[in-house]
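# Fold and geometry: a report
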Amino acid sequence: MAATEQLAERIRHVLDGRWEETRQRVRREIDPAAFAPPTELLDIETHRQRTLEAILELTHTDFARDGLSPEQGGTGRHGASVTAFEMLGHADLSIFVKAGVQFGLFGGAIANLGTERHHREFLPGMIDGSLLGCFAMTETGHGSDVQALLTTATYDAATDEIVVHTPDLRARKDYIGNAARDARMAAVFAQLVVDGEDHGVHCVLVPIRDEQGSPMPGVTIGDCGAKMGLRGVDNGRLTFDQVRVPRANLLDRYGSIDDEGRYHSPIESRGRRFFTMLGTLVRGRISVAGGAGAATRTALTLAITYGLHRTQFESGDGDGEVTILDYRAHQRKLLVPLASSYALMLAQNALVERMHEVASGQDTSEHAQRELEARAAGIKAVTTRHATDTIQTCREACGGAGYLSANRFDDLKADTDVFTTFEGDNTVLLQLVAKGLLTQYKDAFHELDTRGAFFFGARQVTESVIERTIGGSLIQRLISGAPGRDADDALGDRGGQLSLFEDRESHLLETAAMRLRRAGEDGADSFEIFNDAQPHLLETARAHVDRVVLEAFVSAIDACEDEDAREVLDLVCDLYVFATIEANRAWFLEHGRLNHAQAKGVIARVDELCAQLRPHAQTLIDAFAIPNAWRDTELLEFLGETSG
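Residues numbered from 1 in each chain as written. Predicted model: local features only at pLDDT ≥ 70, side-chain atom pairs only at ≥ 80, totals over all residues. Heavy atoms only, no water.

### Notes on the packing of helix α9 (residues 282-309) against helix α11 (residues 366-397)
As a reminder, the rule being used: Lines are fitted to the C-alpha atoms to define the axes, a helix being fitted only along its stretch in contact, and any angle between axes, read from their N-to-C directions, falls within 0 to 180 degrees. Starting at the N terminus, helices and strands are each numbered in turn, a helix being any DSSP run of H or I of at least four residues and a strand any DSSP run of E of at least two. Note on angle classes: values under 35 degrees are labelled roughly parallel, values over 145 roughly antiparallel, values of 65 to 115 roughly perpendicular, and the remainder oblique. Two helices cross in a left-handed way if the nearer one is turned anticlockwise from the farther one by less than a right angle. They cross in a right-handed way if the turn is clockwise. The classification used treats Ala, Val, Leu, Ile, Met, Phe, Trp, Tyr, Cys and Pro as nonpolar, Asp, Glu, Lys and Arg as charged, and all other residues, Gly among them, as polar.
Put simply, α9 and α11 touch, their axes get as near as 8 Å, and they point 25° apart. Considering their axes alone, α9 and α11 lie roughly parallel with respect to each other. The crossing of α9 and α11 is left-handed. Of the residues belonging to the contact of α9 with α11, the class tally is 18 nonpolar, seven polar and three charged.

Printed below as a string of structure tokens:
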């Protein structure tokens, strides 16, 4: 094995993370013919059938079963399950999404919101594919505002049944994956009404098709039809006209109806109960981030490979045409997002590890669950935005070749475009992150006044609020040993970089809290207060995610035992840092964190790092270890690449 191949293999080991063995199993065992992207444009029905067949093929693996606890008939290898499905993001993304609906959303609702009798009755069929399901949460009139869903589930004591009803068009369940063609049962989220009292959103299992595939009485099923992408996913619409199901179909882990028709819940607060229920479904959001990251790495692999072979214009010294990746602008176009993709992949690995700890009961505290939800929301928002921007850049970097369907960029663009808005609109998710940070701020200073969910008091000190959730002692040691902000090497020191990222988050959080407090004390309208501060809160959330991602990158490098791999990863990390600072240069200048000379130096340093990483470009994409069949394109054949 050549030295560059050995280096790529050692970097791959770092990127693959804790569930390296699972990633390698997917690379070896998943049938390329069944899971690779279609080599030609398929009609919708053919693509849907192909996608279903792939899902049924997955039932013969342990990947879905890994996501269940041993008590539920699984292995409890939650992190392995999420990692396996992330790998499908390199393949046909319709399969990735449909698998997420069946095993993650539908199966996850039963596993996390149901009790032992639901697990016994429904999970075996969910796992082996004999019970295909869908996740009916989103409504035409209420997307991210789940608490305000209009569908009702009313308990009828006379018949001991729950009556599920769609009161008007706004309450129609919309964009529901698996609903248009294949699902036989829906996990329906609705307002639970018992004895005239609304107890908030709960989940009820509702059969929507009989054994022959016909809609059940009272159920109307529509087909969303052609979409921008994900043509193999049968998104549909569901309405319910007084549909009756047994009381036992209520997934009642957090809210039950007893034999006397009385409602009980282990969580008294309706709001807290709602957020606890939704918190158990965080795995879907984590999986979307993983799939988006995988698709982005595929696009970068294709575009950088093209850039390493395609030439354009004479060099001027008689040595022939210049390889386009030798142009500094092209390096910035591709190597900067490559560095971000490395950083986000390592942050995703850390997030999946944290999810595994919470899901397997290693940390059952409310704080752990809350922190997981916020981190998942932030990384999903940033990773999916990165995917949308980077895949477009990669398409442009390949010129006309990138426009051809045979080279996959059209599918990568179209299939991932919706990722910015499903499993939570990114703007809403970043608001959730900001709210979580402000809650920590409030919790750190109990004596401060509050007004509503956002309007927390402020102090000039926020050190106790910044929670280092990844590599805490390592990060603290590096920051403690960092040179001062005005030192010549401040930006070149890893501790100095961490300190700068942390300082930006602290300042934004502190000033957001003070701003909200002042507005609240002035008696302004609550919506007006929040609306005016919304851009500030979103910027705070982004700064938080930048800091968490950097901590994950630094921690992964610290754990790397191979010196050559560490050296290259250090350069990639530096590029991520300096490119992030460059993108936010105005803020750092306006707030006195950089002087003018340092700000200019940041631009120069990005250029220098691109030049230093240029010789390693092939190694860095080889380390993604994307199976050849999943990146088989006309583009690579044209360049003389083997893709067998």
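### Let's talk about helix α17 (residues 526-559)
Selection rule: Here the expected length of a helix is defined as 1.5 Å per residue gap, with one fewer gap than residues. Two axes enter the definition of the bend at a residue: one is fitted to the seven residues ending there, the other to the seven starting there, and the bend is the angle between them.
If you check α17, its first and last C-alpha atoms are 47 Å apart, about what 34 residues at 1.5 Å a residue would give, namely 50 Å. Of all the bends in α17, the greatest reaches close to 55° and is centred on Gln534; the proline Pro535 follows between one and four positions later.

### Here we look at the pairing of strand β5 (residues 185-194)
This is how the line gets drawn: A 1.4 Å probe rolled over the protein chains alone gives each residue an accessible area, and that area as a share of the maximum for its type sets the label: buried under 20%, exposed over 50%, partly exposed in between. One bridge is not enough; two strands pair if DSSP finds at least two bridges between them.
Of all 10 residues making up β5, 10 are buried, and the element is well covered by its neighbours. Where strand β1 (residues 133-136) meets β5, four bridges bridge the pair, whose relative direction is parallel. Paired with Gly133 across the strands is Met185, a residue of β5. Where strand β2 (residues 152-156) meets β5, three bridges bridge the pair, whose relative direction is parallel. Each bridged residue has a counterpart across the sheet, and for Ala153 the counterpart in β5 is Leu192.

### Some thoughts on the layout of surface pockets
The condition that has to hold: Here a cavity denotes grid points, spaced 1 Å and computed from the protein atoms alone, that fit a 1.4 Å probe unable to get out, and a pocket denotes an open set having protein on both sides within 12 Å along at least 5 of 7 lines; residues with an atom within 4 Å of a point are the lining. Grid points are joined across faces, edges and corners, and a volume is the space filled by probe spheres set on the points.
Considered as a void within the structure, the second largest pocket measures approximately 780 Å³ in volume. For the second largest pocket, the lining is made up of 29 residues, of which Val382, Arg385, His386, Asp389 and Asp546 are closest to its centre. Those elements that provide at least two residues to the lining of the second largest pocket are α10 (328-359), α11, α14 (426-444), α17 and α18 (563-583). Along the lines of polarity and charge, the residues of the lining of the second largest pocket split into 12 nonpolar, eight polar and nine charged.

### A word on the pattern of salt bridges
Counted only if it meets this: Any Lys or Arg side-chain nitrogen located within 4 Å of an Asp or Glu carboxyl oxygen qualifies as a salt bridge.
Evaluation of the coordinates by the stated rule reveals 52 salt bridges. With a closest N to O distance of 3.6 Å, Arg65 and Asp62 form a salt bridge. When its relative accessible area of 27% is taken as the criterion, Arg65 is described as partly exposed. Here Asp62 falls in the partly exposed class, since its relative accessible area comes to 36%. For the salt bridge of Glu86 with Arg297, the shortest nitrogen-to-oxygen distance reads 3.0 Å. Separated by 211 residues along the polypeptide, Glu86 in helix α5 (residues 78-87) and Arg297 in helix α9 bring together distant segments of the chain. Neither Glu86 nor Arg297 differs from the other in exposure class; each is buried. What you see here is one network of salt bridges that share partners, running through Glu9, Arg12, Asp16, Glu20, Arg23, Arg27, Glu86 and Arg297.

### A few points about the side chain of Thr59
The cut-off we apply is this: For this analysis, a polar contact is any N or O atom pair within 3.5 Å, provided that within protein one partner can donate a hydrogen and the other can accept it, and provided that sequence-adjacent residues contribute only side-chain to side-chain pairs. By definition, residues are in contact when any of their heavy atoms lie within 4.5 Å.
If you trace the backbone, Thr59 turns up in the loop between α4 (44-58) and α5. When its relative accessible area of 12% is taken as the criterion, Thr59 is described as buried. At 2.4 Å, the side chain of Thr59 forms a polar contact with the backbone oxygen of Leu56. Ignoring sequence-local partners within four residues, the contact set of Thr59 consists of Phe103, Ile127, Asp128 and Gly129.

### What about the packing of aromatic side chains?
Note the following rule: The rule is short: rings of Phe, Tyr and Trp, with Trp giving its six-membered ring, pair when the centres are within 6.5 Å, and they are stacked under 30 degrees, edge-to-face over 60, tilted in between.
What the rule picks out here adds up to eight aromatic pairs. Ring plane angle 75° and centroid distance 5.0 Å describe the contact between Phe274 and Phe275, whose orientation is recorded as edge-to-face. Overall, the relative accessible area of 44% leaves Phe275 in the partly exposed class. Each ring, one from Phe501 and one from Tyr576, has its centre 6.5 Å from the other, and the planes form 50°; the classification is tilted.

### Quick word on α4
Taking 1.5 Å of rise per residue, 15 residues should cover 21 Å, and α4 covers 21 Å from first to last C-alpha, within 8% of that figure. Every buried residue of α4 is listed here: His47, Arg48, Arg50, Thr51, Leu52, Ala54, Ile55 and Leu58. The inward-facing, buried residues of α4 abut α3 (32-35), α5, α6 (93-113) and β7 (219-223). A side-chain oxygen of the first residue of α4 lies 3.2 Å from the backbone nitrogen of Glu45; this N-cap is Asp43.

### Topic: the side chain of His78
Relative to the helices and strands, His78 is located in helix α5. With relative accessibility at 5%, the residue His78 sits in the buried group. Not counting the four nearest positions on each side in its chain, His78 is found in contact with Asp66, Gly67, Leu68, Ser69, Arg283, Met355, His356, Ala359 and Ser360.

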